[in-house]
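Residues per chain are reported as follows:
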Amino acid sequence: FVTGAQVFSQASLFALYPFLTRGTQQERGSAKKIYVALAIAGAIFWCGVAFFAEILINLVYGAQFVAAAPILRVLLFAVGVQWLAAYVTRWMIAMGRQSILPYAQAVGCAVNRISLAVLIPGMAGVGAAWATLLADAAVVIILGLVLLFSVQASRSQNEAATCPDL
């Protein structure tokens, strides 16, 4: 379930990426709307799978794996965060701000390693799933902040360029 959601999100992001970089303003706007629509559809799917996790796991894998439902639920949230990270990453590349990406990933790796060391002893598989979610969230937060500041700086530069000197 998790891998299927990840593959779908990555495939759709790669398919739409050219419109963010080389498309007209209208095409970029349409691509952003499609991204949002896919994210909403994905969130509905992930919530449905999370709600029916025990039933789906029992049907697909058997009763012996139903105990994995809490892990699946946490990982489905991680997929949503990964989707957002992938979108922000493509947007940053399109803006020419890709230099921050390795640093954000390094922070995510550090958060993951620390979280694994802290959470696995007491929570086992669910702790590992939470570590994944925390690491992905750290990456999204860093990328989101950089993107926010980049957009604000770009707007400030555009306003300064259009303001006449007094």
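See above for the structure.
Residues numbered from 1 in each chain as written. Predicted model: local features only at pLDDT ≥ 70, side-chain atom pairs only at ≥ 80, totals over all residues. Heavy atoms only, no water.

Draft legend 1. Main features of the packing of aromatic side chains. Applying the stated criterion to the full structure yields three aromatic pairs. Here the aromatic rings of F51 and F52 are separated by 4.8 Å at their centres, their planes lie at 90°, and the arrangement is edge-to-face. Given the relative accessible area of 61%, F51 is considered exposed. With centroids separated by 5.8 Å and ring planes inclined at 45°, the aromatic side chains of Y87 and W91 adopt a geometry described as tilted. Note that Y87 and W91 are positioned in helix α4 (residues 69-94) at a spacing of four residues, about one turn of the helix. In this structure W91 comes out as partly exposed when scored by relative accessible area, which is 25%. (Phe/Tyr/Trp six-rings, centres within 6.5 Å; stacked < 30°, edge-to-face > 60°. Buried < 20%, exposed > 50% of the residue type's maximum accessible area, 1.4 Å probe, protein only. Helix = DSSP H or I, 4+ residues; strand = E, 2+ residues; numbered from the N terminus.)

Draft legend 2. Region of interest: the packing of helix α3 (residues 53-60) against α4. The N-to-C vectors of α3 and α4 enclose an angle of 115°; their axes lie 9 Å apart at closest approach. Between α3 and α4, the angle is such that the two are roughly perpendicular. Once α3 is placed against α4, the crossing between them reads as right-handed. Contacts between α3 and α4 involve A53, E54 and I57 on the former and, on the latter, A69, L72 and R73. Along the lines of polarity and charge, the residues of the contact of α3 with α4 split into four nonpolar, no polar and two charged. (Axes fitted to C-alpha atoms, helices over the stretch in contact; angles between N-to-C directions. Parallel < 35°, antiparallel > 145°, perpendicular 65-115°, else oblique. Left-handed = near helix turned anticlockwise from the far one by under 90°. Contact = heavy atoms within 4.5 Å. Nonpolar A, V, L, I, M, F, W, Y, C, P; charged D, E, K, R; others polar.)

Draft legend 3. Spatial organisation of the side chain of S150. When you line up the elements, S150 lands in helix α5 (residues 101-162). Looking at S150, its side chain comes within polar contact range of the side chain of R97, at 3.1 Å. Setting aside its immediate chain neighbours within four residues, S150 contacts M95 and R97. (Polar contact = N/O pair within 3.5 Å; in protein donor to acceptor, adjacent residues only side chain to side chain.)

Draft legend 4. Examining the pattern of salt bridges more closely. If you walk through the whole model with that rule in mind, you get one salt bridge. For E54, the salt bridge is made with R73, and the minimal N-O distance between the two is 2.7 Å. Of the two residues, E54 sits in helix α3 while R73 sits in helix α4, which places them 19 residues apart along the sequence. (Salt bridge = Lys/Arg side-chain N within 4 Å of Asp/Glu carboxyl O.)

Honestly, that's just the spatial picture; any functional story needs more than this.
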